[in-house]
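Here is what each chain is made of, one letter per residue.
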Amino acid sequence: MWVTILVFVTTFFFMEFMAWFSHKYIMHGFLWNLHADHHRKNQDSWFEKNDAFFVIYAGISIGFFLLWRYDILQIGLAIGSGIFVYGWTYFIVHDIFIHQRFKLFRNADNRYARAVRRAHKMHHKHIGKDQGECFGMLLVPFKYFKK
């Protein structure tokens with residue numbers, strides 16, 4: 001049981017690195033064509049091509065659930081759950097809290113919330129593929145905590 005909890009927590013925190021890595025080197029790299037509409041809104045649709053990344057990570061999570069379900073990987077449930085919970089956390093912080101795709105959490109105002117918003121605003125300051133900064137989501141550089 002403790003191993004399962006440890007794997008779940010480790011996976012959740014590892015996903016912050018994966019979010020940073022995939023955002024910096026994949027989304028702002030060879031799959032920029034899927035991510036570009038997130039930086040430059042030029043369509044009327046509520047959906048973005050960028051939403052494909054949620055589907056990709058959901059597929060990976062489901063894959064681990066299936067590996068566990070069919071007794072191929074005992075810790076597959078913990079890994080799949082860690083990816084799933086991080087995905088929901090990312091969705092809540094990024095899509096709901098920061099970008100207000102749903103009008104919730106509008107009044108959240110504390111040092112961490114302000115730092116997350118500032119860091120993401122700096123990321124979106126660069127509308128092109130290159131010269132970006134702050135590619136992570138939950139771990140924010142200390143400079144964004146300053147007033």
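The shown structure was predicted, so the numbers you read here are calculated from the model rather than taken from an experiment.

Section: the overall build of the protein
No. 1: A tally of regular secondary structure across the protein gives 5 helices and 0 strands.
No. 2: Along the protein, helices (α) and strands (β) appear in the sequence α-α-α-α-α when read from the amino end.
No. 3: Once the C-alpha set of the protein is aligned to its principal axes, its extents read approximately 45 × 35 × 30 Å.
No. 4: Taking all 147 residues of the protein together, the buried fraction comes to 37%.
No. 5: For the protein, the exposed surface amounts to about 9500 Å²; the carbon and sulfur share of it is 69%.

Topic: the nonpolar core
No. 1: The biggest cluster of nonpolar side chains holds 22 residues, and the ones touching the most others in it are Y86, V93, I98, M137, L138, V140 and Y144.
No. 2: For this core, the secondary-structure elements that each account for two or more residues are α1 (2-30), α4 (76-98) and α5 (111-125).
No. 3: For this core, the leading source of residues is α4, giving 8 residues.
No. 4: When near neighbours in sequence (up to four residues on either side) are disregarded, V140 contacts Y112, A115, V116, A119 and F145.

Description of the confidence of the model for the protein
No. 1: On average, residues of the protein score 89 in pLDDT, and 98% of them reach the 70 mark or higher.
No. 2: The spread of mean pLDDT over the elements of the protein runs between α5, the lowest at 85, and helix α3 (residues 52-69), the highest at 97.

Thresholds, definitions, all that
- Residues numbered from 1 in each chain as written.
- Predicted model: local features only at pLDDT ≥ 70, side-chain atom pairs only at ≥ 80, totals over all residues.
- Heavy atoms only, no water.
- Helix = DSSP H or I, 4+ residues; strand = E, 2+ residues; numbered from the N terminus.
- Buried < 20%, exposed > 50% of the residue type's maximum accessible area, 1.4 Å probe, protein only.
- Areas by Shrake-Rupley, 256 points an atom, 1.4 Å probe, with all protein chains shown as cover.
- Core = buried A, V, L, I, M, F, W, Y, C linked by side-chain atoms within 4.5 Å.
- Contact = heavy atoms within 4.5 Å.
- pLDDT = per-residue confidence, 0-100.

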